[in-house]
Amino acid sequence: MSTLRVGLRCDAGPRRGVGHLVRCLALAEEFLARGAEVAVLGTVERLDWATAQLAARGIPLLPGPDSATELVEAARRHDLDVMVLDSYELDPAGAGALRAAGVYTLAIIDGDSRGQVADLYLDQNFGAELPGLAGRLLAGSGYALLRDTVISARPSVAPPATAVNRPRVLAFFGGTDAVGAAPALTRVLVATGHPMDLTVIVGRPEIEAEVEEVTPGRGQIIRPVPPTTSLPALITEADLVVSAAGTSTWELCCLGAPSALVCVVDNQRESYTRVVRHGLAAGLGELPELTAAGVAGRAARATAARTLHGLLSSPQRRATLAARAWSTVDGQGRARVVNAVFDAVVERVHS
């Protein structure tokens, strides 16, 4: 079989976030390691560190087609064998049009196929299931797409319980913090009253300004830092991580990080509920509740602060979360996905 040519259709930006691009980047790394040629088709807006990640791997960034016709034209123009679709905004008819044009199509979804008719579907969320896609769905966190930097940082065993007087806490909410969660959660962390050394990843200047306005309590340090490629190292060094319940959840699990998650957008709700119910992370609630005015907002923030105080003061509680998380995501998900694609494409060639 000649060299496989793969296109990954996704977008990233301050409002869209970077979750789609990050998981496509993980897939791209695996395809490249198998000798395939890879290109990303899409828009990456005002995210220099993200475009630098593509450039460092020699992955071209090409204009992103939106309509079914444009997708087929792009696939033909770049002579693609495989197209990966990872977007909530594309015309759902695109997958079927690509298949009809002879392009093997993988749709990455989050609980909803959006009516796409693909050759293969991937839903990497914990406990995912879509009965209507039986036989063509790779479902669950065993297929979590993780980048080289995460896989190489995975500890050989789950981190043990470690007692510390001033825990190191890392807070981050996606590559851009599109919904502005960092200031709200910084305030909730401060409200625990527990000593901590808090590092907050601030995706945008206006987020940084808000975080800097938060006054730390006694024994608390707040350190805002911009998005960084060394995030896996920061995660493994932290005693507790506070994050959004998006694609980074699987990175946290793979690294065995004791985590407390916030549901920041509607499409995270189902996965957030399952992850918290199974004890892979603690739950802090939904962002609109934590930022609400009046009695309801105060009650939600107080509950979240109590949960965080319990984690900060209990090494055993943190270690229990870390062990469950670490054992759930082994870092081999992307290899399983690419195996499935290669097997299907080879079978097609020989049939």
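Going by the structure above, here's the rest.
Numbering of residues begins from 1 in every chain and follows the order in which that chain's sequence is written. Local features are withheld for residues below a pLDDT of 70 in this predicted model, meaning they are given only at 70 or higher, and side-chain atom pairs are given and counted only at 80 or more; totals for whole chains, interfaces and linings count all residues. Heavy atoms from the whole structure form the basis of all side-chain values; hydrogens and water molecules are not counted.

A.B. asks: Looking at this structure, I do not really get the state of the cysteines. What am I missing?
C.D. replies: Here a disulfide denotes one covalent bond, and it connects the sulfur atoms of two cysteines. Disulfides are defined as cysteine sulfur pairs within 2.5 Å. By the definition in use, this model includes zero disulfides. Here Cys24 stays free of any disulfide, with the sulfur of Cys10 as its closest cysteine sulfur at 3.9 Å. Any residue under 20% of the maximum accessible area for its type is buried, any over 50% is exposed, and the rest in between are partly exposed; the area is computed with a 1.4 Å probe on protein chains only. Assessed through its relative accessible area of 0%, Cys24 is described here as buried.

A.B. asks: Would you mind going over the sheet that holds strand S4 (residues 82-85) with me for this structure?
C.D. replies: By definition, the strands of a sheet pair up through backbone hydrogen bonds, in either a parallel or an antiparallel sense. Pairs of strands are assigned from DSSP output, requiring at least two bridges between the strands. Where helices and strands are cited, they refer to DSSP runs of H or I of at least four residues and of E of at least two residues respectively, numbered from the N terminus. Strands sit in the order S3-S2-S1-S4-S5-S6-S7 across an open sheet of seven strands; the sheet is parallel. Each edge of the open sheet carries a strand with a single partner, namely strand S3 (61-62) and strand S7 (137-139). When strand S6 (residues 120-123) meets S7, the two strands line up parallel, connected through three bridges. Within S7, the residue paired with Asp123 across the bridge is Ala139.

A.B. asks: Could you clarify how one ought to interpret the pattern of salt bridges in this entry?
C.D. replies: Once the charged atoms of two side chains with opposite charge are near each other, the side chains can pair. Should a side-chain nitrogen of Lys or Arg be within 4 Å of a carboxyl oxygen of Asp or Glu, the pair is scored as a salt bridge. The tally for this structure, following the rule as stated, stands at 20 salt bridges. Salt-bridge contacts for Arg9 lead to Asp11; the nearest nitrogen and oxygen are separated by 3.1 Å. Exposure class is identical for Arg9 and Asp11. Each is buried. Where Asp330 meets Arg336, a salt bridge forms, and the shortest distance between an N and an O atom there is 2.6 Å. For Asp330, a relative accessible area of 31% gives the class partly exposed. Here the salt bridges share partners, and the residues they tie into one network are Glu29, Glu30, Arg34, Arg57, Asp148 and Arg334.

A.B. asks: It is not clear to me how helix H13 (residues 315-328) should be interpreted in this structure. Could you clarify?
C.D. replies: Here H13 spans 20 Å end to end across 14 residues, near enough to the 20 Å set by a 1.5 Å rise per residue. Of all the residues in H13, the buried ones are Arg318, Ala319, Leu321, Ala322, Ala325 and Trp326. Seen along its axis, H13 keeps its buried residues to an arc of 165°; they face one direction. Residues Gln316 and Ser327 are exposed on H13 and point more than 90 degrees away from its buried face. Residue contacts follow a heavy-atom distance rule, with two residues in contact if any of their heavy atoms lie within 4.5 Å. Turning to H13, the residues buried within the fold contact strand S11 (240-244), helix H9 (248-254), strand S12 (259-263), strand S13 (282-286) and helix H12 (294-313). Multiplying one less than the number of residues by 1.5 Å gives the expected span of a helix. To obtain the arc, one takes the directions from the helix axis to the C-beta atoms.

A.B. asks: Honestly, the layout of surface pockets in this entry has me stumped. Any pointers?
C.D. replies: Over the atoms rolls a probe the size of a water molecule, and in doing so it shows where empty space is left. Grid points spaced at 1 Å and placed over the protein atoms alone form the basis of the search, with a cavity being a set where a 1.4 Å probe fits but cannot get out and a pocket an open set showing protein on both sides within 12 Å along at least five of seven lines. Lining residues have an atom within 4 Å of a point. Grid points are joined across faces, edges and corners, and a volume is the space filled by probe spheres set on the points. Its boundaries defined by the atoms lining it, the second largest pocket holds a volume of some 240 Å³. Lining the second largest pocket are 20 residues, and of these Pro159, Pro160, Ala238, Asp239 and Pro258 lie nearest its centre. Counting residues per element, the ones that place at least two in the lining of the second largest pocket are helix H8 (231-237) and H13. Looking at the lining of the second largest pocket, the element that brings in the most residues is H13, giving four residues. Here the term charged refers only to Asp, Glu, Lys and Arg, the term nonpolar to Ala, Val, Leu, Ile, Met, Phe, Trp, Tyr, Cys and Pro, and the term polar to all other amino acids, Gly among them. In terms of residue class, the lining of the second largest pocket is built from 13 nonpolar, three polar and four charged.

A.B. asks: For this particular structure, what's the right way to read the environment of Phe173?
C.D. replies: Residue placement: Phe173 occurs in the loop between strand S8 (168-172) and helix H6 (181-191). Given the relative accessible area of 6%, Phe173 is considered buried. For Phe173, the residues in contact, after removing those within four places along its chain, are Ala181, Ala182, Leu185, Val242, Ser243, Ala244 and Val262.

A.B. asks: Explain the nonpolar core to me, please; I cannot follow it from the model alone.
C.D. replies: The criterion is simple. A nonpolar core is a set of buried Ala, Val, Leu, Ile, Met, Phe, Trp, Tyr and Cys residues joined through side-chain atoms within 4.5 Å. Ranked by internal contacts, the top residues of the largest apolar core, which has 36 residues, are Val6, Leu8, Leu27 and Phe31. When residues of this core are traced back to their parent elements, those giving at least two are strand S1 (5-9), helix H1 (19-33), strand S2 (37-41), helix H2 (48-56), S4, strand S5 (104-108), S6 and helix H14 (333-350). Considering each element in turn, this core owes the most residues, eight residues, to H1. Leu198, Ala260, Ala282 and Ala304 belong to the second largest nonpolar core, which has 35 residues in total.

A.B. asks: How do you make sense of the sheet that holds S12 when you look at a structure like this?
C.D. replies: Ordered in space as S10-S9-S8-S11-S12-S13, the six strands form an open sheet in which the pairing is parallel. Every other strand in the sheet has two partners, leaving strand S10 (220-225) and S13 as the edge strands with one partner each. Taking each pair of neighbouring strands and ignoring which way they run, the sheet shows an average axis angle of 15°. Of the strand pairs in this sheet, S8 and strand S9 (residues 196-201) are connected by four bridges, and their pairing is parallel. The partner of Ala171 across the bridge, within S9, is Val200. Helix axes use the C-alpha atoms of the stretch in contact, all axes being lines fitted to C-alpha atoms, and the angles between their N-to-C directions lie in the range 0 to 180 degrees. With respect to the sheet, H6 is in contact with S8, S9, S10, S11, S12 and S13, its orientation differing from that of S9 by roughly 175°.

A.B. asks: Help me understand the packing of aromatic side chains, please; the structure alone is not making it clear to me.
C.D. replies: Note on aromatic pairs: each is described by the distance of the centres and the angle between the planes. The aromatic pairing rule takes the rings of Phe, Tyr and Trp, using the six-membered ring of Trp, and pairs them if the centres are within 6.5 Å, calling planes under 30 degrees apart stacked, those over 60 edge-to-face and the rest tilted. As enumerated under the stated definition, the model contains one aromatic pair in all. Centroid distance Phe31 to Phe342: 6.2 Å. Interplanar angle 40°. Geometry classified as tilted. Taken together, the positions of Phe31 in helix H1 and Phe342 in helix H14 put the pair 311 residues apart, joining distant regions of the chain. A relative accessible area of 17% places Phe342 in the buried class.

A.B. asks: What is the right way to look at empty space enclosed by the protein in this model?
C.D. replies: Taken as a whole and assessed by the stated rule, the structure comprises two cavities of 30 Å³ or more. Each pocket or cavity is described by its volume, and for the largest cavity that value is around 50 Å³. If you trace the largest cavity, you find it lined by Val18, Leu21, Val22, Leu25, Trp49, Ala50, Gln53 and Arg147. Counting only elements with at least two residues in the lining of the largest cavity, the list comes to H1 and H2. Of the residues belonging to the lining of the largest cavity, the class tally is six nonpolar, one polar and one charged. Roughly 30 Å³ of volume is contained in the second largest cavity. Together, Thr249, Leu252, Cys253, Ala257, Ser259, Leu261, Leu280, Ala281 and Ala325 line the second largest cavity. When its residues are assigned to classes, the lining of the second largest cavity shows seven nonpolar, two polar and no charged.

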